[in-house]
Amino acid sequence: QALAPLAPESTLKEEAPESQQEALSNISEIPEALPVDAVLSPAAYAGFAIRDESSLPRGNEISSTLRDIFFAEAQEYLTTLRSELALLQAEPLIATPFAMYRAAHTLAGISSTVGMLSLSQLGQALEYALLRRDHSARSDDPVALEIIRQVIDEIEQLLTTSAEPHEPDSVPQW
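Values in this document were obtained by computation on a predicted structure and should not be read as measured data. Once a new chain begins, its residue numbering starts again from 1 and follows that chain's sequence as written. Predicted model: local features are reported for residues with pLDDT of at least 70 only, side-chain atom pairs are reported and counted for 80 or more only, and whole-chain, interface and lining totals are derived from all residues. Side-chain calculation: all heavy atoms of the structure are included, whereas hydrogens and water are not.

**With respect to the overall build of the chain**
Step number 1: Numbering of helices and strands runs from the N terminus, with a helix taken as a DSSP run of H or I at least four residues long and a strand as a DSSP run of E at least two residues long. Scanning the chain from terminus to terminus reveals 7 helices and 0 strands.
Step number 2: The linear arrangement of helices and strands in the chain, starting from the amino end, is α-α-α-α-α-α-α.
Step number 3: Within the chain, the proportion of its 174 residues that are buried is 34%.
Step number 4: Sequence separation of 24 or more characterises 77% of the internal contacts of the chain that already satisfy a separation of 6 or more.
Step number 5: All accessible areas in this document rest on Shrake-Rupley with a 1.4 Å probe, and a residue is counted as covered only by the protein chains that are shown. In the structure as shown, the chain presents an accessible area of about 11,100 Å², 54% of it carried by carbon and sulfur atoms. Here the term buried applies to any residue with accessible area under 20% of the maximum for its type, exposed to any over 50%, and partly exposed to those in between, with areas from a 1.4 Å probe on protein chains only. Pairs of residues are marked as contacts when any of their non-hydrogen atoms sit within 4.5 Å.

Next comes the structure, spelled out in structure tokens:
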């Protein structure tokens, strides 16, 4: 007996978008502009945190292998964000490179996976700031680029402080 498809074929997307513009046109709603304080101040978004995420979960919540993978990948995404930001600063009228969206989005996702909610929220805020920049009448606004730079700096700071080794709170009982 054949199983019915999960979704009608017309709603499935089998091919990647041909261009960055096409990918961005699929976004149904662009978030409102974020206040500068909401993006730059960890205290402004800390109220959304479920637990203290100033460091990775301790003890048996996350394996050292997953921790190592996370930090290696996060460093790659941070490097991408820095290099793409340099392109935007050199040529402020160009559209935000797709690699920058992807890095911000993926960093938000993997940070959430390992319990770093502040970092995840910063990644999301960066992604929204990039969307607002591209859909703004003034994509070359120096204030917008400065906010983006400061968010990337904050991401780097959170990664640096979270990467410091620490002793587990407890040893798992088997």
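That was the structure; now back to the text.
**A closer look at helix H6 (residues 117-134)**
Step number 1: Over its 18 residues, H6 extends 26 Å from the first C-alpha to the last, a length consistent with the 26 Å expected when each residue adds 1.5 Å.
Step number 2: The buried fraction of H6 is high, at 15 of 18 residues. Helix span, expected: 1.5 Å multiplied by one less than the number of residues in the helix.

**A word on the environment of Ala144**
Step number 1: Locating Ala144 in the fold gives a position in helix H7 (residues 142-162).
Step number 2: A relative accessible area of 21% means that Ala144 is categorised as partly exposed.
Step number 3: Expressed as a C-alpha distance, the spacing of Ala144 and Arg133, which sit 11 residues apart in the sequence, is 6.8 Å.

**Some remarks on the packing of helix H4 (residues 64-90) against H7**
Step number 1: To define axes, lines are fitted to C-alpha atoms, for helices over the stretch in contact only, and angles between the resulting N-to-C directions are given on a 0 to 180 degree scale. Between H4 and H7, the least distance of the axes is 11 Å, while the angle of their chain directions is 160°. Relative to H7, the element H4 is oriented roughly antiparallel. Crossing of H4 over H7 shows left-handed handedness. Here Arg67, Phe70, Phe71, Ala74, Leu78, Leu81, Arg82, Leu85, Leu88 and Gln89 of H4 lie close against H7, whose contacting residues are Leu145, Ile148, Arg149, Ile152, Asp153, Ile155, Glu156, Leu159 and Ser162.
Step number 2: Gly falls in the polar group here, along with every residue not listed as nonpolar (Ala, Val, Leu, Ile, Met, Phe, Trp, Tyr, Cys, Pro) or charged (Asp, Glu, Lys, Arg). Tallied by class, the residues present in the contact of H4 with H7 amount to 12 nonpolar, 2 polar and 5 charged. For classification, angles of less than 35 degrees are called roughly parallel, those exceeding 145 degrees roughly antiparallel, those between 65 and 115 degrees roughly perpendicular, and all remaining angles oblique. If you view the pair so one helix is near and one far, a crossing is left-handed when the near helix is turned anticlockwise from the far one by less than a right angle, and right-handed when it is turned clockwise.

**Brief notes about the nonpolar core**
Step number 1: What we call a nonpolar core is a set of buried Ala, Val, Leu, Ile, Met, Phe, Trp, Tyr and Cys residues that are connected through their side-chain atoms within 4.5 Å. Counting residues in hydrophobic clusters, the biggest one holds 30 residues, and the most contacted among them are Phe70, Leu126 and Ile155.
Step number 2: Where this core is concerned, the elements lending two or more residues are H4, helix H5 (98-113), H6 and H7.
Step number 3: Residues in contact with Leu126, not counting those within four places in the same chain, are Leu81, Ala104, Ile148, Val151, Ile152 and Ile155.

**Focus: H4**
Step number 1: Between its terminal C-alpha atoms H4 stretches 39 Å, which fits the 39 Å expected from 27 residues at 1.5 Å a residue.
Step number 2: What H4 keeps buried is the set Arg67, Phe70, Phe71, Ala74, Leu78, Leu81, Glu84, Leu85 and Leu88.
Step number 3: Against the buried residues of H4 lie H5, H6 and H7.

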